[in-house]
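# Secondary and tertiary structure notes
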Amino acid sequence: MAAAVLLVLGLAAAWSVLIPGVGAWENTVVAMIGSLRLTGPVSAAFAAWVAVRRRRESGRWLPTTWRAVRTPLAVAAVPAVAFAATALVLAVRTILGEQSGRLPPSGLLMGMAGLALYVAIGWVTGWLLPWTITPVIAGLGCYGLFTWLARSGTWADRLAPATREPYDPFQGLSTAAFADQTFWLLGISAVLLLGWAAVVTRQSLALAGALLAVLAAAAGMARLLNEPRTVTAQRVVYSCEEWPIMVCVHPGMRDGLPELGSAFVRIASRLAGTPGEFSRLEQRPRREDAPLPPGSVPIHVDDLSTGFADQAAAEFVESLAPRCAGTTAQGYRDIVVAWLAGRPLPGGPLAEHQYAAAWFAGLTDTQRRDWLRTHYDRFAGCGLQSGDFGGQVPQVAQPAAPVPGGHPAPAGPAPQASALYGTPGGAPTAAGAPPLPRTAPAASARRPAPAAPDR
């Protein structure tokens, strides 16, 4: 029953750690190690429960070392079998898909060594505290301890049976780090079990084994602490697809090629002929700023969850121009970014932004592309102004000033839309454009002729 529960919990926990859409063996190994967050504390609670029952049956002392360690070893075999079954299920899933990379066996060994440490802690806790509530204490205590270690961000996070997160498919996994971590976990587990056996059996052989285990654990810890934190990114042979632009991604994410191509083809067409023109997309890790060949631009795709292509496209468009400090410049930038991303043009916080959006909406895509070609430097440098969008915001006509003779001067004509927006077609046809001000027709300056006197 314990093995079945651990199998179900292991599959659920591993499935939640898997990066969606990444078909790579490293992704499977990281998910298996991540499943220890749940299966480890449950294994500790199970071991504590068995230890409490064993302590109540046999008393405080045991006759031989083998008889002492035989039961905790049998308890450790239960989560180990469940872990192996979980790994088998995930391996079959990976094989049925298009997997990349290779399976590092040292990662699976490290996962089993981590389970051994959970069992050792649970067993010793249950033996020392033979209470009914001890299994709960052991499970919750292990969960809190190792969660804190894994998230501490210090040197101590290497001592927990976990991998560094988030997992980067471009960085890969270090088999040497897994080996050192396995050495440390098995050593500290042996220290706990053999030290407990030396206490309950009072035999020197168990004490000598515990001292040797201390040396092994210390050697593993030293190797872990001397390991560099930054791991060089591994060389990746990209999977590419050309339709109608070249898109290259990590081989474990090749299933996302069609959706990425569809999301970026419209952006590529709108940037054609501008300084931001590109013909090739290449997925890059976020922490890498290596130069790319001319015509290539980097994109960042963390996983293939729903909407990943639109998210990558929006992030790329936002990176074309930095966010502007002033409200006026930021409003003009948002108009161009919204068009490149395929979103509705924003009205903006100011009246001049509303007029600019209305003018920009009245242009065709060809006209907008030509406009962006000549204004790209201003767009990328937060230098767009109202004059770049057809003219200034129209002002309300001033009342006519009186002239000598007591009659007002004729008011000037209302500003024409063609002059305001710089297009021969007049005002833009976009909905929501602000109405232009109108003036009353000018009054005639001539007086009517007086009637002729009667004779």
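None of the values given here were measured: they were computed from a predicted structure. (Residues numbered from 1 in each chain as written. Predicted model: local features only at pLDDT ≥ 70, side-chain atom pairs only at ≥ 80, totals over all residues. Heavy atoms only, no water.)

### Some points on the overall build of the chain
Our working definition: Secondary structure follows DSSP: runs of H or I at least 4 residues long count as helices, runs of E at least 2 residues long count as strands, and numbering of each begins at the N terminus. We call a residue buried when its accessible area falls under 20% of the maximum for its residue type, exposed when it is over 50%, and partly exposed in between, using a 1.4 Å probe and counting protein chains only. It only takes one pair of heavy atoms within 4.5 Å for two residues to be counted as in contact. Using a 1.4 Å probe, the Shrake-Rupley method yields the accessible areas, and only the shown protein chains count as cover for residues.
If you tally the helices and strands in the chain, you get 14 helices and four strands. Residues counted as buried form 41% of the 455 residues belonging to the chain. For the chain, the share of sequence-separated contacts (at least 6 apart) that also reach a separation of at least 24 residues comes to 71%. Looking at the chain as shown, the accessible area adds up to about 23900 Å², and 62% of this sits on carbon and sulfur atoms.

### Topic: the environment of valine 75
Structurally, valine 75 is set in helix H4 (residues 65-96). Ignoring sequence-local partners within four residues, the contact set of valine 75 consists of Phe46, Ala47, Val50, Val119 and Trp123.

### Comments concerning the pattern of salt bridges
To keep it simple, the criterion reads: Any carboxyl oxygen of Asp or Glu that lies within 4 Å of a side-chain nitrogen of Lys or Arg is treated as forming a salt bridge with it.
Counted by the stated rule, this structure contains 12 salt bridges. A salt bridge links glutamate 318 to arginine 333; the nearest nitrogen and oxygen atoms lie 2.7 Å apart. Placement of the pair is glutamate 318 in helix H10 (residues 308-319) and arginine 333 in helix H11 (residues 327-341), with a sequence separation of 15 residues. Classification of glutamate 318 as partly exposed rests on a relative accessible area of 30%. The class of arginine 333 is buried, set by a relative accessible area of 1%. Between arginine 378 and aspartate 388 there is a salt bridge, with the nearest N and O atoms lying 3.7 Å from each other. Here the residue arginine 378 occupies a position in helix H13 (residues 365-380), and aspartate 388 occupies one in the loop between H13 and helix H14 (417-421), the gap between them amounting to 10 residues. Assessed through its relative accessible area of 39%, arginine 378 is described here as partly exposed. Residues joined in a network through salt bridges with shared partners are Glu318, Arg323, Arg333 and Asp334.

### A look at unusual backbone geometry
One non-glycine residue, arginine 202, lies in positive phi territory at about 60 degrees. Mapped onto the elements of the fold, arginine 202 is located in the loop between helix H7 (175-201) and helix H8 (204-226).

### Observations concerning empty space enclosed by the protein
One water molecule sets the probe size; rolling that probe over the atoms shows where empty space is left. Our working rule: Whether a set of points on the 1 Å grid over the protein atoms alone is a cavity depends on a 1.4 Å probe fitting there but being unable to get out, while an open set qualifies as a pocket with protein on both sides within 12 Å along at least five of seven lines; lining residues are those with an atom within 4 Å of a point. Grid points are joined across faces, edges and corners, and a volume is the space filled by probe spheres set on the points.
Counting across every chain of the model gives two cavities of 30 Å³ or more. Volume-wise, the second largest cavity comes out at about 50 Å³. The wall of the second largest cavity is formed by Leu6, Gly10, Met32, Ser35, Thr39, Ser43, Pro79, Ala82, Phe83, Thr86 and Leu115. Those elements that provide at least two residues to the lining of the second largest cavity are helix H1 (2-17), helix H3 (36-58) and H4.

### Some points on the environment of glutamate 277
Tracing the chain through its elements places glutamate 277 in the loop between helix H9 (257-270) and strand E3 (280-283). Along the primary structure glutamate 277 and glycine 295 are separated by 18 residues, whereas in three dimensions their C-alpha atoms are 6.9 Å apart. When near neighbours in sequence (up to four residues on either side) are disregarded, glutamate 277 contacts Leu271 and Ala272.

### Brief notes about the side chain of serine 35
Spelled out, the test is: Residues adjacent in sequence count toward polar contacts only when both atoms are side-chain atoms; beyond that, a polar contact is any pair of N or O atoms within 3.5 Å, and within protein one must be able to donate a hydrogen and the other to accept it.
Structurally, the position occupied by serine 35 is in the loop between helix H2 (25-34) and H3. At 2.5 Å, the side chain of serine 35 forms a polar contact with the backbone oxygen of methionine 32. If we ignore the near neighbours within four places in the chain, the residues touching serine 35 are Gly10, Ala13, Ala14 and Phe83.

### Structural notes on the sheet that holds E3
Quick note on the threshold: Two strands qualify as a pair provided that DSSP identifies no fewer than 2 bridges between them. Throughout, an axis means a line fitted to C-alpha atoms (over the contacting stretch in the case of helices), and angles, computed between N-to-C directions, take values from 0 to 180 degrees.
One open sheet accounts for four strands, arranged E1-E2-E3-E4; its pairing is mixed. Of all strands in the sheet, those with a lone pairing partner are strand E1 (239-242) and strand E4 (296-299), marking the two edges. On average, each strand axis in the sheet is tilted by 20 degrees relative to the strand beside it, whichever way the strands run. Here strand E2 (residues 246-249) runs beside E3; their pairing, made up of three bridges, is parallel. Looking across to E3, one finds that cysteine 248 is bridged to glutamate 282.

### Things to note about H1
So the rule is basically this: To estimate the expected span of a helix, subtract one from its residue number and multiply by 1.5 Å. Picture the helix axis, draw a direction to every C-beta atom, and the arc is the one those directions span.
With 16 residues, H1 should reach 22 Å at 1.5 Å per residue; the first-to-last C-alpha distance of 22 Å fits that figure. Within the span of H1, buried status applies to Leu6, Gly10, Ala13 and Ala14. Summarising the axial view, the buried residues of H1 lie within an arc of 100 degrees, below the 170-degree limit, and thus occupy one face. Turned more than 90 degrees away from the buried face of H1, the exposed residues are Val8 and Ser16. Buried residues along H1 sit in contact with H2, H3 and H4.

### Describing the pairing of E2
Put simply, side chains in a regular strand alternate between the two faces of the sheet. Threshold: If the strands point away from the viewer and the path from the first strand over the helix to the second runs clockwise, then the crossover is right-handed.
Judged from the four bridges that link them, E1 and E2 form a sheet pairing that is antiparallel. Residue pairing in the sheet places glutamate 242 in a bridge with methionine 246 of E2. Hairpin connection between E1 and E2: a loop of three residues separates the two successive antiparallel strands. Regarding topology, H9 serves as the crossover connection from E2 to the parallel E3, and that connection is left-handed.

### Some details on the nonpolar core
Generally speaking, a soluble globular protein has its nonpolar side chains buried in company with each other. Worth spelling out the cut-off: Think of a nonpolar core as a cluster: buried Ala, Val, Leu, Ile, Met, Phe, Trp, Tyr and Cys residues, connected wherever their side-chain atoms sit within 4.5 Å.
Ranked by internal contacts, the top residues of the largest apolar core, which has 48 residues, are Leu260, Phe264, Phe278, Phe379 and Phe389. Counting only elements with at least two residues in this core, the list comes to E2, H9, E4, H10, H11, helix H12 (351-361) and H13. When residues no more than four places from it in sequence are discounted, the contact partners of phenylalanine 278 are Ile245, Phe264, Ile267, Ala268, Leu271, Gly295, Val297 and Phe316.

### Examining the confidence of the model for the chain
Heads up, the rule is: Per-residue confidence from the predictor is reported as pLDDT, a score between 0 and 100.
For the chain, the average pLDDT comes to 83, and 84% of its residues sit at 70 or higher. Of the regions scoring below 50 in pLDDT, residues 393-455 engages in 58 contacts with residues more than four places distant in sequence or in other chains.

### Notes on the packing of aromatic side chains
Note the threshold: When two rings of Phe, Tyr or Trp (its six-membered ring) have centres within 6.5 Å they constitute a pair, described as stacked for plane angles under 30 degrees, edge-to-face for angles over 60, and tilted for the intermediate range. Two limits define a charge over a ring: the Lys NZ or Arg CZ must be within 6 Å of the ring centre, and within 35 degrees of the ring normal.
The tally for this structure, following the rule as stated, stands at 16 aromatic pairs. Note on tryptophan 339 and phenylalanine 360: the rings are 5.8 Å apart at their centroids and 80 degrees apart in plane angle, and the pair reads as edge-to-face. Here tryptophan 339, found in helix H11, pairs with phenylalanine 360, found in helix H12; they are 21 residues apart in sequence, far enough to count as distant. Each member of the pair, tryptophan 339 as well as phenylalanine 360, carries the same accessibility label: buried. In this structure an aromatic cluster arises from ring pairing among Tyr332, Trp339, Trp359, Phe360, Trp371 and Phe389. The ring of tryptophan 15 carries the charged tip of arginine 93 above its face, separated from the ring centre by 5.3 Å. Arginine 202 extends its terminal NZ or CZ atom over the ring of tryptophan 61, reaching a point 4.0 Å from the ring centre.

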